[in-house]
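Observations on the three-dimensional arrangement
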Amino acid sequence: MAYRWETPASVWLEDDRSGRFELVSSEGLSRIDWHAQERGRVPDCAQLLGASLPLSCDCSPIFPEGFAFCPNCGNALDKLAGQYKSQPDWWGPWCDQFLPRHVPHGLPVTMLPLGDSLEERPAAPAIGRAELAMPVPPNAHCVFAAGAYGFPVQRLLALACTRGVLQYWDPMAQLWHVMAAEDGAAPLAFSASDYAWIPALNPMRGEVALLPTDSGLHRLWINPVSETYRTECVLDAPLASSPGMIRRHVACLFNSDTGARLWTAPADGGEPAVFDCAGVPASGWSRSIGYDDRLTWLHPQGQLAWRAGAAPQWLPWPQGWTPRLEFGGPTQGRDGRLWLIGHGADGYSFLELGTETPQSEPISGARLGFASLLFRRGHAVVGEPWDPEHVEDPHDDDTLVLPLLRGFNNNRSQPSGLVLRFHKYTGRAEDALSGRTIARTTVEWIGKRNVILDDIVRLARPLECVPFVYDSCLWLHHPDWNQMRGWRLEELS
């Protein structure tokens, strides 16, 4: 016989002979297979549920939420409910929903005050080292999300989007778990274009995000207790692009028998609308950029712009001009217009975005960056994107700087952010970003103080470096590494 205990969120059974508690069900979670998780997962599950843990008794390895004392022996318990304070979410550097409207959304820009902490470290030329390490996920080519998903604690997910493998980090056991699909869940793989998801801003328990798959647009729910996930279909069609959101409207491209079409719907689930986009490519799109009340998807052949309530506009690039999307993405001019770097018959130039008759500004060489965090070789570009670089140290001529993440702060006159600096590099920028192995690279924070965070030997494919923030730490991941490097951010805790 078992006694039934009901808390506001869960149902537990207490064995009348052993006194051990077993979780039967919990709000927002699908079927609970408690016996399969009882060994090794109890500390993590207790944090997720806000349950209580024994301090000195061995009557049960876990107790229901709110229990302060063991009902069998009366000893005090570690009551986890209400102990944890919230931490900032992370959905990828291109997915910060809290940026002001005058900053383009969809680029690697974050509002988190990373510089306030990182700049407390010894300034360059002192070379720091990573303070923390975390094993890479089993499927290393992935995107990361750190959020509470309706639970009382933050947890880290790594989605290998091209393979459709969802991975969950158990911080108590220091292990990655591969989550299994529940019956009827859609495959999570998406390979048509660059990956982007739309997080749930006020998630229900277990709700993660609206995400693209090869079969359509789905809402993802996780059950971290049973290590499973399920999906809800929002759009059943083969997608051509990742979704974007502007002014509380979601939109994405999908393919039909008559060509590509744009699907859009209000974020609150209102009536969707579909627009014909005949003639636009069926794959290969960048993540959408939200700016000036408009969503824009970039492609090697052109740009697709859309405003809520209007038909989308396809704008091919000028004849003979090819964008360099791998250089970082659009950057802003002083008047607020967006510009994209590319190469034409006369060399590199910046092209104005969002207009049928774009202005073009020639430049003398490649520039890497985005959203006003722009570098030519090792020197920052201050002012207009086509202005000459600001030379502070002539020795930086033999380096090449690749921005990874811009930290947005209204109180700073100049952009700051996380960059990679390739030392003694004299080749083309395109070669550095592809297969060439770079002998020495430093990870740096550029800001009020320039701080060297780490030194990397023999780095290849630097565009695969992924920065993310989890557990009040800044992490850097590369699929070739065995461990991810981390730096504490005490200011965020």
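One can find the structure itself at the top, above this paragraph.
Residues numbered from 1 in each chain as written. Predicted model: local features only at pLDDT ≥ 70, side-chain atom pairs only at ≥ 80, totals over all residues. Heavy atoms only, no water.

Focus on a nonpolar patch on the surface
Which entries qualify depends on this criterion: Patch membership needs two things, relative accessible area over 30% and no salt bridge, and members are linked within 9 Å if like-charged or within 5 Å if nonpolar (Val, Leu, Ile, Met, Phe, Trp, Tyr). Residue burial considers only the protein chains on display, and all accessible areas are found by Shrake-Rupley using a 1.4 Å probe. Definition used for salt bridges: Asp or Glu carboxyl oxygen within 4 Å of a side-chain nitrogen of Lys or Arg. Counting from the N terminus, the helices are DSSP H or I runs at least four residues long and the strands are E runs at least two residues long.
A cluster of nonpolar side chains, namely F98, M111 and L201, defines an oily patch on the protein surface of about 320 Å² accessible area. Topologically, L201 is positioned in the loop between strand 13 (198-199) and strand 14 (207-213).

Re the pairing of strand 24 (residues 313-316)
Our working definition: Two strands are counted as paired when DSSP detects at least two bridges linking them.
Alignment of strand 23 (residues 302-306) against strand 24, held across four bridges, turns out to be antiparallel. The partner of G302 across the bridge, within strand 24, is P316. Taking the residues between adjacent antiparallel strands as the criterion, strand 23 and strand 24 are bridged by six residues, where G309 takes a positive phi near 90 degrees.

Things to note about unusual backbone geometry
Along the chain, A124 connects to P125 via a cis peptide bond; the corresponding omega equals 20 degrees. Within the element layout of this structure, P125 appears in the loop between helix 3 (114-118) and strand 7 (132-135). With a phi angle near 60 degrees, D293 is a residue other than glycine that sits in the positive phi range. For D293, the position within the fold is in the loop between strand 21 (289-291) and strand 22 (294-299).

A few points about the sheet that holds strand 3 (residues 21-26)
Applicable threshold: Fitted lines through C-alpha atoms serve as axes, helices being fitted only where they are in contact, and the angles separating the N-to-C directions of these axes extend from 0 to 180 degrees.
Across the sheet, three strands lie side by side as 1-2-3; this open sheet has antiparallel pairing. With partners counted over all chains shown, the strands left at the sheet margins are strand 1 (2-6) and strand 3, one partner each. The sheet shows a mean angle of 25 degrees between the axes of neighbouring strands, direction not considered. Pairing geometry for strand 1 and strand 2 (residues 10-15), over five bridges, is antiparallel. Looking across to strand 2, one finds that R4 is bridged to L13.

Description of the layout of surface pockets
The cut-off we apply is this: A cavity here means a set of points on a 1 Å grid, drawn over the protein atoms and nothing else, where a 1.4 Å probe fits but cannot get out; a pocket is an open set with protein on both sides within 12 Å along at least five of seven lines, and a residue lines either one if it has an atom within 4 Å of a point. Grid points are joined across faces, edges and corners, and a volume is the space filled by probe spheres set on the points. Any residue that is not Ala, Val, Leu, Ile, Met, Phe, Trp, Tyr, Cys, Pro, Asp, Glu, Lys or Arg is counted as polar, Gly included; the first ten are nonpolar and the last four charged.
Of the volumes computed, that of the largest pocket is approximately 1,200 Å³. In terms of lining, the largest pocket is formed by 41 residues, of which the most central are W94, D194, Y195, R287 and L463. For the lining of the largest pocket, a count of residues per class yields 26 nonpolar, 11 polar and four charged. Here the second largest pocket is characterised by a volume of approximately 710 Å³.

A short note on the environment of S25
Using the following cut-off: Any two residues whose heavy atoms approach within 4.5 Å are treated as being in contact.
With respect to the helices and strands, the residue S25 is situated in strand 3. Considered as a pair, S25 and W12 are 13 residues apart in the sequence and their alpha carbons are 7.3 Å apart. Setting aside residues up to four positions removed in sequence, S25 forms contacts with A9, S10, V11 and I32.

Quick notes on the nonpolar core
The criterion, for reference: Here the nonpolar core consists of buried residues drawn from Ala, Val, Leu, Ile, Met, Phe, Trp, Tyr and Cys, with membership extended through side-chain atoms lying within 4.5 Å. When accessible area is computed with a 1.4 Å probe and restricted to protein chains, residues below 20% of their type maximum are described as buried, those above 50% as exposed, and intermediate ones as partly exposed.
Formed by 60 residues in total, the largest nonpolar core has its most connected members in L166 and W197. Here this core takes five residues from helix 2 (residues 42-49), the largest share from any one element. Leaving out residues up to four positions away in the same chain, L166 has contacts with L157, A158, L159, H177, V178, M179, L188, L220, I222 and Y229. Grouped together as the second largest cluster of nonpolar side chains are 55 residues, F144, L418, A429 and C465 included.

Observations regarding the pairing of strand 33 (residues 400-407)
Counted residue by residue, strand 33 has eight buried out of eight residues, so it is predominantly covered. When strand 33 meets strand 34 (residues 416-422), the two strands line up antiparallel, connected through seven bridges. From the neighbouring strand, L400 faces strand 34, where its bridge partner is F422.

Structural notes on the environment of W386
Note that W386 resides in the loop between strand 32 (379-380) and strand 33. With 95 residues separating them along the chain, W386 and Y291 place their C-alpha atoms 21 Å apart. Residue contacts for W386: discarding those within four places in its chain leaves W339, F350, E361, P362, I363 and R367.

Quick look at the packing of aromatic side chains
Note the following rule: Paired rings are identified among Phe, Tyr and Trp, the last through its six-membered ring, by centres lying within 6.5 Å, and are further divided according to the angle between planes into stacked (under 30 degrees), edge-to-face (over 60) and tilted (the rest).
On inspection of all chains with the given rule, the structure shows 16 aromatic pairs. Between F21 and F63, the ring centres sit 5.5 Å apart and the planes meet at 55 degrees, which makes this aromatic pair tilted. On the criterion of sequence distance, the pair formed by F21 in strand 3 and F63 in the loop between strand 4 (52-54) and strand 5 (77-79) is long-range, its members being 42 residues apart. Overall, the relative accessible area of 2% leaves F21 in the buried class. The exposure class assigned to F63 is buried, which follows from its relative accessible area of 0%.

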